[in-house]
Amino acid sequence: MWFFTAIFLTVGFFQFGSTESKYNVTYADLDKCKQFNAISGYNYHTYFKLEELDNHNLDNETLVNLRLFVVAAKDAHILLSDTNSTSPDAQVYEIVIGAGANTFSEIRKQRKKNPLKTKSTKNVLSPIDPLPLRIRITREGLIEVGIEGQELPLMSATDKNLIAVQYLSFSSWGSTHAKWFYDCASDDDSLTQLEEFESIKLLTPREQLMFELEMNSTFRPPEWFTPIEIKQLVFTRVAYDSWKNTLQTRFFLRGAWRDNRTSWIPEEHGNITRIVGFQFLTWTPSVYVRDDAELTVNEMFGLDHVSFTHDGSFEWLSKEITTDTYCALRDSPEWPHETNECDLAMATEHVTTPLKLMPDAVNFHPNIIQSDWNVEKITKHQHENTHELFVLKDGNPRMESILRLHLRRNNEFYDTILYAPYFTSNVMILVSFWLDGILRIFANTFGTVMLIAAFLQMSAFVPPTMNPKIFAFFRCSLYFSWICVLLFILDKWLRTYAAKMAPDSWLARLISYPYLRIILRLDGASNYDTLHQKNLEWRDFVKMLDRIVFLVMAGILIVSCFKKI
């Protein structure tokens, strides 16, 4: 691997050794520098003391003045710190060139976070052509990163609480190799300082305005109360998975706020009153969603379109934002007619910039996608979260804007795959009470098998902690199917072995009672005076039990039809 890398870089150096490279750097320029290869991923393991560098020329206004070159495909990291060993949370200056697959650059106050300035710099790095950099930090708190030969800085930021920088270190990211050339001498010492640009006559009014805003902008949130108004939130998807206890939402946001730090006088800048797409050069709010499953807050990424006017009024239109949050299913005997409530708790990272949901801000897209749970309504709530895991960095409670989604399970699916087999199987078992012989067994068996299949199918959909009411009706139907079989066996046995029933017994009189026989459809037209004198068989009693059980089961089935199960 090293062999091919060396050949690749050698070819590149010979290319710009005799001619000019992408940034007009020659091999002679690199020959005046010391070299450091960052090959171990994201790891600052070698530190260089600034005062020991040969070409770190300072004046009364400058604290850091560096001339560097870097050859890398992406993610070139520079660290300026007060010690030669830093923790991830230490206050340092981390400058990243070509981050995000060589799409943007950033000045940070900590490693991997707390950005002071972010700027889109697509394809600024090259794995062949060295990038000449100038880094300058003044005593007034100005931090400038420029490309040598260009009039304007690549990016700049201000920091009132300056770090006493004493050490320099380099790093890359992941498997990316970065070749650094530092402590570079210059033929003209005056070139080692970045120019402090005044108003440039060649710039258009818009370019001059953008330059002035960039010089004065900051990534710090406002210190005064600045609510972030959510004027519109349109849901395009609400999918609740009751098995995984997760709620997935997709929506678009339109927000607004005021920040007087980014303002100008239109008459002094060509009557420009509005600028679009400046979000990477000034402070914009970060919105977080609470996830109770992992006890964390996750940032919502979707900042797409930011515009602002001369009086500091900002408007933010987002891309489609996707969130996945935890929402436990409550125990309920009403399956599949139960309801549930899921919270979408949103907040910012600063006590001075709370979210404010405006009236009628929340609505649904006409083509919204939902799961087997439908949103009946959404209520808005404010909550001051004092849980130690969710408080802000400064220790203040997190003020959350909560959208409470009231969900109801859509039971059309269950009506089709569960209730239809349930009623069909019950009808088959009821019919079997009126049949005899092998037809009785066939109808009862068919109904019982269908009932068991529907029951097993239902168990795959019912949450394990629930015991819905329909279970009781399933059990009753199974009991009646067993009774039907037992009565059939008893009838066969009585036909073969039982004697005649005594004519004057109370049971014989009951069975031969005319109105009872009419109700139970035994023979209806028989005369009680002559029937009770006959020798009745015991199977007449079994037939009467058949009719009674049939009526009871039919009554329960009717109840289940009218009762929400």
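This one's a predicted model, so the numbers in the text were calculated from it and none came from an experiment.

**Q** Help me get a handle on the overall build of the chain, residues and values and all.
**A** Within the chain, the regular secondary structure consists of 11 helices and 25 strands. Each of the 565 residues in the chain was classed as buried or not, and the buried ones make up 47%. Here the contacts in the chain between residues at least 6 apart in sequence split such that 72% fall between residues at least 24 apart. Total accessible area computed for the chain in this model is approximately 28,700 Å², and 55% of it derives from carbon and sulfur atoms.

**Q** Give me the state of the cysteines: which residues, what numbers.
**A** Tallying each qualifying case throughout the model produces 2 disulfides. Here Cys 33 connects covalently by a disulfide to Cys 184, the sulfurs 1.9 Å from one another. The sign of the S-S torsion, about 120°, decides the handedness of the disulfide formed by Cys 33 and Cys 184: right-handed. With Cys 33 in the loop between helix H2 (27-30) and strand S1 (34-38) and Cys 184 in the loop between strand S12 (178-182) and helix H4 (205-216), the pair connects residues that are 151 residues apart, well separated along the chain. Comparing Cys 33 with Cys 184 shows no difference in burial state: the two are buried. Between the sulfur of Cys 327 and that of Cys 342 lies a disulfide, 2.0 Å long from S to S. Its S-S torsion of approximately -85° makes the covalent link between Cys 327 and Cys 342 left-handed.

**Q** Describe the confidence of the model for the chain, with residues and values.
**A** Looking at the chain, pLDDT values average 80 and 81% of them are 70 or higher. Across residues 189-200, where pLDDT falls below 50, the model places 25 contacts with residues more than four positions away in sequence or in other chains.

**Q** So what's going on with helix H6 (residues 438-459)? Residues and values would help.
**A** Taking 1.5 Å of rise per residue, the 22 residues of H6 would be expected to cover 32 Å, and the 32 Å separating its terminal C-alpha atoms lies within 8% of that figure. Listed in full, the buried residues belonging to H6 are Arg 440, Ala 443, Asn 444, Gly 447, Thr 448, Leu 451, Ala 454 and Met 458. Projection of H6 onto a plane perpendicular to its axis shows the buried side chains occupying an angular sector of 125°, all on one side. With respect to the buried face of H6, the exposed residues turned more than 90 degrees away are Ile 438, Phe 442, Val 449 and Leu 456.

**Q** An account of the sheet that holds strand S7 (residues 113-120) is requested, with residue identities and associated values reported.
**A** Within a sheet, each strand pairs with its neighbour through backbone hydrogen bonds, oriented either parallel or antiparallel. With respect to topology, 6 strands assemble into an open sheet ordered S2-S11-S4-S5-S6-S7, the strand pairing being antiparallel. Edge positions in the sheet fall to strand S2 (47-49) and S7, since each of these pairs with one other strand and no more. Averaged over all neighbouring strand pairs, the angle between strand axes comes to 20°, with direction disregarded. Alignment of strand S4 (residues 76-81) against strand S5 (residues 93-98), held across 5 bridges, turns out to be antiparallel. Bridge pairing in S5 links Ala 76 to Ile 97.

**Q** With reference to specific residues and values, describe the pattern of salt bridges.
**A** Enumeration according to the criterion identifies 21 salt bridges in this entry. For the salt bridge of Glu 94 with Arg 108, the shortest nitrogen-to-oxygen distance reads 3.0 Å. Here the residue Glu 94 occupies a position in strand S5, and Arg 108 occupies one in strand S6 (residues 104-110), the gap between them amounting to 14 residues. Looking at Arg 108, the relative accessible area reads 10%, which means it is buried. One salt-bridge network, in which partners are shared between bridges, spans Lys 34, Asp 54 and Asp 183.

**Q** Give a detailed account of the sheet that holds strand S8 (residues 131-138), specifying residues and quantitative values.
**A** With antiparallel pairing, the 6 strands of this open sheet are ordered in space as S1-S12-S3-S8-S9-S10. Where the open sheet ends on each side, the last strands, each with one partner, are S1 and strand S10 (155-158). Pairs of neighbouring strands in the sheet enclose a mean axial angle of 20°, with direction left out of account. Of the pairings in the sheet, the one linking S8 to strand S9 (residues 142-147) comprises 5 bridges and is antiparallel in character. Counterpart to Arg 134 in the pairing with S9 is Gly 146.

**Q** Tell me about the pairing of S8, and please be specific about residues and values.
**A** Burial of S8 is extensive: 8 of the 8 residues sit out of reach of the surface. Residues of S8 alternate between two faces, with Leu 131, Leu 133, Ile 135 and Ile 137 on one and Pro 132, Arg 134, Arg 136 and Thr 138 on the opposite face, all of them buried. As defined by bridge partners, strand S3 (residues 62-72) adjoins S8 across 8 bridges and the pair is classed as antiparallel. Within the sheet, the bridge partner assigned to Leu 66 lies in S8 and is Ile 135. Here S8 folds back onto S9, and the loop between the two strands holds 3 residues, one of which, Gly 141, carries a positive phi near 100°.

**Q** An account of the side chain of Ser 477 is needed here, citing residue identities and associated values.
**A** Take Ser 477: it is sitting in helix H7 (residues 470-497). Contact partners of Ser 477, with chain neighbours within four places excluded, come to Tyr 422, Asn 426, Ile 429 and Leu 451.

**Q** Summarise the packing of aromatic side chains; cite the residues concerned and give the values.
**A** Counted under the stated rule, the structure contains 19 aromatic pairs. Measuring from ring centre to ring centre gives 6.1 Å for Phe 48 and Phe 170, while their planes differ by 50°; the resulting arrangement is tilted. Taken together, the residues Phe 48 in strand S2 and Phe 170 in strand S11 (residues 167-171) connect sequence positions 122 residues apart. Take Phe 48 and Phe 170: they sit in the same class, and that class is buried. Arranged with centres 5.1 Å apart and planes meeting at 10°, the rings of Trp 257 and Phe 314 form a pair that is stacked. Residue Trp 257 is located in strand S14 (residues 246-258), and its partner Phe 314 is located in strand S19 (residues 313-318); the two are separated by 57 residues in the primary sequence. Accessibility classification places Trp 257 together with Phe 314 in one group, the buried group. Grouped by ring-pair contacts, the aromatic residues Phe 36, Phe 48, Phe 170, Trp 180 and Tyr 182 constitute a single cluster.

**Q** Can you lay out unusual backbone geometry for me, pointing to particular residues and giving the numbers?
**A** The residue Asn 123 is not glycine, and still its phi comes out positive at about 60°. Position of Asn 123 relative to the elements: it lies in the loop between S7 and S8. Residue Asn 123 is classed as partly exposed on the basis of its relative accessible area of 45%. Even without glycine at this site, Asp 183 takes up a positive phi of about 55°. The topology assignment puts Asp 183 in the loop between S12 and H4. You can call Asp 183 buried: its relative accessible area is 7%.

**Q** Tell me what's going on with the nonpolar core, and back it up with residues and numbers.
**A** If you look at the biggest cluster of nonpolar residues, it comprises 45 residues, and the most contacted ones within it are Leu 66, Ile 78, Leu 80, Ile 97, Leu 131, Phe 170 and Trp 180. Ranked by residue count, the leading element in this core is S3, at 7 residues. Ignoring sequence-local partners within four residues, the contact set of Leu 131 consists of Tyr 23, Leu 68, Phe 69, Val 70, Ile 97, Val 124, Leu 125 and Ile 147. Within the second largest apolar cluster, 37 residues are counted, among which are Tyr 240, Cys 342, Met 346 and Leu 407.

Criteria and cut-off values
- Residues numbered from 1 in each chain as written.
- Predicted model: local features only at pLDDT ≥ 70, side-chain atom pairs only at ≥ 80, totals over all residues.
- Heavy atoms only, no water.
- Helix = DSSP H or I, 4+ residues; strand = E, 2+ residues; numbered from the N terminus.
- Buried < 20%, exposed > 50% of the residue type's maximum accessible area, 1.4 Å probe, protein only.
- Contact = heavy atoms within 4.5 Å.
- Areas by Shrake-Rupley, 256 points an atom, 1.4 Å probe, with all protein chains shown as cover.
- Disulfide = S-S within 2.5 Å.
- pLDDT = per-residue confidence, 0-100.
- Expected span 1.5 Å × (residues − 1).
- Arc of directions from axis to C-beta.
- Pairing = 2+ DSSP bridges.
- Axes fitted to C-alpha atoms, helices over the stretch in contact; angles between N-to-C directions.
- Salt bridge = Lys/Arg side-chain N within 4 Å of Asp/Glu carboxyl O.
- Phe/Tyr/Trp six-rings, centres within 6.5 Å; stacked < 30°, edge-to-face > 60°.
- Core = buried A, V, L, I, M, F, W, Y, C linked by side-chain atoms within 4.5 Å.

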